[in-house]
Amino acid sequence: MFENFLKKFADITAWISVGVLLSGGVVLRHSLFGKAEIVEFNQWGLLLLPAFLCVFFNLNGWRDLNFIRSLKNVWDRCSPDVVLKLVIILIPFLHFLALVHRHYSFHSNWDLAIYSNACANSLHSSLRNHTTLMADHIEPILGLLTPLCSNLNPAITLLATQCCAWSIGAFGVYKISLSLQHSKLLSSLFAFLYLTFSGHQTISYLDFHTYGLSLATIPWILFGYRQNSKILIVAVVVHLAIKENTGLFIAGLGLFALTEKRFKVGGSLFIVGLSVFAICMLILYPYFRNGQESEYFSKYYGHLGHNFKEFAVNIFLKPKVVFETLISLEKTIYLFKIFTPFLFIPLFRPKYLLPIGGPLAISILSNVPYMYSTDFHYEAEIYPWLFVSTIVLLGEENWNSSHLLHFLPRLINNKIRVPFNRVWVFVSWIIIFFTGAMPQSRISYYMPSRANLELAAALQQLEHDYHHCNISTLAQLAPHLSRNQNLTLLSDLSISNMVVVAFPRRSQGWDFDAEKMKLELYPLLDQKFSEKIFPLPHDQSFQVWTNDSCKQSPKKS
């Protein structure tokens, strides 16, 4: 009787879970509490409960649940190719809508402003000291997008590119899974997980960064390495164009190939990867920075050296400093957070860690906390590689009998009667992976208000009418003015003849708060500029200061 009750309960909660999943989350509010949220079900709410009941209590015949039979009927009628297309196209499109909502609700910030400004102006960035973006990061791949950015909204163009890259990577995951003789349906599920994994969402939702395009290239690098040398060459070339440090990943991939006795491929990748990295550090940076090396060594690794040469030498000459840098509770927690979603499976095959040795070192050799917080884009090479390598390892025939997992089936079966094999490893992996919010919930969270949309439209019109002006503004408004060739932040007023200030809703965490603006900045602006206008008369938070040199210039036709 108890088992029948559990089956019924599993059926009911499973159908409710589907509704929660498709809606992105259910929130119940009550006016008596000031519309406070009193109950909230997200993907963690009921989604995993049916599987937990069936697995933990080892229900006999749980595959005969009404819910399971209904799903099976649906799958039998659907072509796996249709499922794949829905996964690869629909989920990234929903993420794109969420990113657009995020942009128009003014949650976008500094990175999107820099890249949009540079992309719209042929890699010239006024937000980076009026110089080429190459002086900040060596990212030639952005040059491929400049024709689109110059004719379309640059911020939206970059966000769309980011989602397309994510989708391309998911298709690469699908191809890897098929190469391991998995079914099309299971391969589609892997692709779905790639698009819902919270680590990938963190990378993609942090404005825009070219490093995030690694979500597209890394699955295809591994697929090309295993199946097709031509695809490998193309994917490696594109990956090297993403950022100055991606050569370290390629060099690590070369070491990985050497451990598999693919000496020609491994030696080529190792030499090319290290050579590209060295060229970026020792030739390209000094060329674009008037003889100076990258500023990021001083910024992130000053305890090890203020330039590439000092850093490389001190890594070997100061082992005590390196050891003290690596050994800390925060960095141990960081590594635990990195490997937990993958059930630590890649750790049992250390050779699979070689490609990400460089990217991991970039994070944990720094003493700047956000470099190893997993809240930014610095895992853009780490997460995709761990994802695809875990799929490969789970697909190996000898996985059950190898390494440290052989004692677990006996332990678990003796204690809680749950069968343990690759199926349950995979089920556990799905459960842990399903920590990311579905795009529907993000669309709802970032929904722009009417005031937000009016402000965005007014900024676009302002950019059109005053394209000739030197504009200073807040970091959160800069992505909406990114076509301007002389765009700076409020911290640099010396060359500005126009200042744009606005405080839309959800302005917490901005670089200036409203009180500071009124008490400190507004009096300064009133003295420096000859006129103040209100583009939106009903919104007094949107104020624009101009002087005669800006007003008297002809408007763009």
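In what follows, the structure referred to is the one given above.
In short, a report on the structure. Just so it is clear, the structure is predicted and the values come from calculations on it, not from any experiment.

What counts and how
Residues numbered from 1 in each chain as written. Predicted model: local features only at pLDDT ≥ 70, side-chain atom pairs only at ≥ 80, totals over all residues. Heavy atoms only, no water. Helix = DSSP H or I, 4+ residues; strand = E, 2+ residues; numbered from the N terminus. Buried < 20%, exposed > 50% of the residue type's maximum accessible area, 1.4 Å probe, protein only. Contact = heavy atoms within 4.5 Å. Pairing = 2+ DSSP bridges. Axes fitted to C-alpha atoms, helices over the stretch in contact; angles between N-to-C directions. Polar contact = N/O pair within 3.5 Å; in protein donor to acceptor, adjacent residues only side chain to side chain. Salt bridge = Lys/Arg side-chain N within 4 Å of Asp/Glu carboxyl O. Disulfide = S-S within 2.5 Å. Core = buried A, V, L, I, M, F, W, Y, C linked by side-chain atoms within 4.5 Å. Phe/Tyr/Trp six-rings, centres within 6.5 Å; stacked < 30°, edge-to-face > 60°. Lys NZ or Arg CZ within 6 Å of the ring centre and 35° of its normal. Left-handed = near helix turned anticlockwise from the far one by under 90°. Nonpolar A, V, L, I, M, F, W, Y, C, P; charged D, E, K, R; others polar. Parallel < 35°, antiparallel > 145°, perpendicular 65-115°, else oblique.

1. Observations concerning the overall build of the chain
Right, so step 1: Per the secondary structure count, the chain includes 25 helices and 9 strands.
Right, so step 2: Out of the 557 residues belonging to the chain, those deemed buried represent 50%.
Right, so step 3: The long-range share in the chain, meaning contacts at least 24 apart out of those at least 6 apart in sequence, stands at 70%.

2. Quick word on the sheet that holds strand E5 (residues 471-473)
Right, so step 1: Here 5 strands make up an open sheet; going across it, the order is E6-E5-E7-E9-E8 and the pairing mixed. Among the strands making up the open sheet, the edge pair consists of strand E6 (487-489) and strand E8 (531-533). Each adjacent strand pair in this sheet contributes to an overall mean axis angle of 25 degrees, direction not counted.

3. Looking at the side chain of Ser-187
Right, so step 1: Tracing the chain through its elements places Ser-187 in helix H8 (residues 184-196).
Right, so step 2: Among the polar contacts made by the side chain of Ser-187, one reaches the side chain of Ser-177 at a distance of 2.8 Å.
Right, so step 3: Once residues within four sequence positions are removed from consideration, Ser-187 is found in contact with Tyr-174, Ser-177, Leu-178 and His-182.

4. A few points about the pairing of strand E7 (residues 498-501)
Right, so step 1: Burial along E7 is two-sided: Met-498 and Val-500 and Val-499 and Val-501, pointing in opposite directions, are all buried.
Right, so step 2: The pairing of E5 with E7 spans 3 bridges and is classified as parallel. Residue pairing in the sheet places Thr-473 in a bridge with Val-500 of E7.
Right, so step 3: Pairing between E7 and strand E9 (residues 543-546): 4 bridges, direction antiparallel. Bridging across to E9, Val-501 finds its partner in Gln-543.

5. Section: the pattern of salt bridges
Right, so step 1: Considering all chains together, one arrives at 4 salt bridges under this definition.
Right, so step 2: Taking the shortest distance from any N to any O, the salt bridge between Arg-102 and Asp-207 comes out at 2.8 Å. On the criterion of sequence distance, the pair formed by Arg-102 in helix H4 (residues 80-104) and Asp-207 in the loop between helix H9 (198-205) and helix H10 (214-227) is long-range, its members being 105 residues apart.
Right, so step 3: With its nearest N and O atoms 3.1 Å apart, the salt bridge here joins Lys-351 to Glu-260.

6. Observations concerning the state of the cysteines
Right, so step 1: The full count for this structure, using the stated rule, is 2 disulfides.
Right, so step 2: A sulfur-sulfur separation of 2.1 Å characterises the disulfide bridge that pairs Cys-119 with Cys-149. A torsion of 80 degrees about the S-S bond marks the disulfide between Cys-119 and Cys-149 as right-handed. Here Cys-119 is found in helix H5 (residues 110-120), whereas its partner Cys-149 is found in helix H6 (residues 146-151), with 30 residues between them in sequence.
Right, so step 3: Residue classification places Cys-119 among the buried positions, given a relative accessible area of 0%.

7. Notes on the nonpolar core
Right, so step 1: Core analysis: the largest hydrophobic core is formed by 143 residues, its most contacted members being Leu-142, Leu-158, Trp-385, Val-500 and Phe-542.
Right, so step 2: Take this core: its biggest share by element is 11 residues, from helix H7 (residues 154-179).
Right, so step 3: Excluding residues that lie within four positions of it along the chain, Phe-542 makes contacts with Leu-455, Ala-458, Leu-459, Val-500, Val-501, Ala-502, Ile-533, Phe-534, Pro-535 and Leu-536.

8. Brief notes about the packing of aromatic side chains
Right, so step 1: Counting across every chain of the model gives 27 aromatic pairs.
Right, so step 2: Ring centres of Phe-5 and Phe-9 lie 6.2 Å apart, and the angle between their planes is 5 degrees; on these two criteria the pair is classed as stacked. Taken together, the residues Phe-5 and Phe-9, both in helix H1 (residues 2-23) and 4 residues apart, mark about one turn of the helix.
Right, so step 3: Judged by its relative accessible area of 53%, Phe-5 is exposed.
Right, so step 4: Considering the side-chain rings of Phe-297 and Phe-308, the 6.1 Å spacing of their centres and the 55 degrees angle between planes classify their relative orientation as tilted. Taken together, the residues Phe-297 in helix H14 (residues 296-301) and Phe-308 in helix H15 (residues 308-317) connect sequence positions 11 residues apart. Neither residue differs from the other here; Phe-297 and Phe-308 are each classed as buried.
Right, so step 5: Of the aromatic side chains, those joined through ring pairs into one cluster are Phe-277, Tyr-296, Phe-297, Tyr-300, Tyr-301, Phe-308, Phe-311, Tyr-370, Phe-376 and Tyr-378.
Right, so step 6: Sitting over the ring of Tyr-225, Arg-262 keeps its end group 4.2 Å from the ring centre.

9. Structural notes on the packing of H7 against H8
Right, so step 1: Put simply, H7 and H8 touch, their axes get as near as 8 Å, and they point 145 degrees apart. Crossing of H7 against H8: the hand is right-handed. Contacts from Trp-166, Ser-167, Gly-169, Ala-170, Val-173, Tyr-174, Ser-177 and Leu-178 of H7 reach H8 at Lys-184, Ser-187, Ser-188, Phe-190, Ala-191, Tyr-194 and Leu-195.
Right, so step 2: Here the residues of the contact of H7 with H8 are counted per class, giving 9 nonpolar, 5 polar and 1 charged.

10. What to know about the pairing of E9
Right, so step 1: Neither face of E9 is exposed, since Gln-543 and Trp-545 on one face and Val-544 and Thr-546 on the opposite face are all buried.
Right, so step 2: Two elements, E8 and E9, share 3 bridges in a ladder whose sense is antiparallel. Paired with Glu-531 across the strands is Thr-546, a residue of E9.

11. Describing the environment of Tyr-334
Right, so step 1: One can find Tyr-334 in helix H17 (residues 329-339).
Right, so step 2: The class of Tyr-334 is buried, set by a relative accessible area of 1%.
Right, so step 3: Along the backbone, Tyr-334 and Ser-363 are 29 residues apart, and their C-alpha atoms lie at a distance of 9.5 Å.
Right, so step 4: The residues touching Tyr-334, leaving out its near neighbours within four places in the chain, are Leu-360, Ser-363, Ile-364, Met-371, Tyr-372, Ser-373, Thr-374, Glu-379 and Ile-382.

12. Here's the deal with the environment of Leu-360
Right, so step 1: Positionally, Leu-360 belongs in helix H18 (residues 357-364).
Right, so step 2: Given the relative accessible area of 11%, Leu-360 is considered buried.
Right, so step 3: Sequence separation between Leu-360 and Leu-335 is 25 residues; the distance between their C-alpha atoms is 8.9 Å.
Right, so step 4: Those residues in contact with Leu-360 that lie beyond four places of it in its chain are Tyr-334, Leu-335, Phe-339 and Ile-382.

13. A short note on the packing of H4 against H7
Right, so step 1: Following both chains from N to C, one finds H4 and H7 inclined at 155 degrees, their axes separated by 9 Å at the closest point. Between H4 and H7, the crossing angle belongs to the class labelled roughly antiparallel. Crossing of H4 against H7: the hand is right-handed. Residue-level contacts link Asp-81, Leu-84, Ile-88, Pro-92, His-95, Phe-96, Leu-99, Val-100, His-103 and Tyr-104 of H4 to Ala-155, Ile-156, Leu-159, Ala-160, Gln-162, Cys-163, Trp-166, Ser-167, Ala-170, Phe-171 and Tyr-174 of H7.
Right, so step 2: A class-by-class count of the residues in the contact of H4 with H7 yields 16 nonpolar, 4 polar and 1 charged.

14. Details of unusual backbone geometry
In most cases, non-glycine residues show a negative phi, while peptide bonds are predominantly trans.
Right, so step 1: One non-glycine residue with positive phi stands out, namely Gln-181, at about 70 degrees.
Right, so step 2: You can see Gln-181 is positioned in the loop between H7 and H8.
Right, so step 3: Unusually for a residue other than glycine, Thr-374 sits at a positive phi of about 60 degrees.
Right, so step 4: Examined against the element boundaries, Thr-374 turns out to sit in the loop between H18 and helix H19 (382-394).

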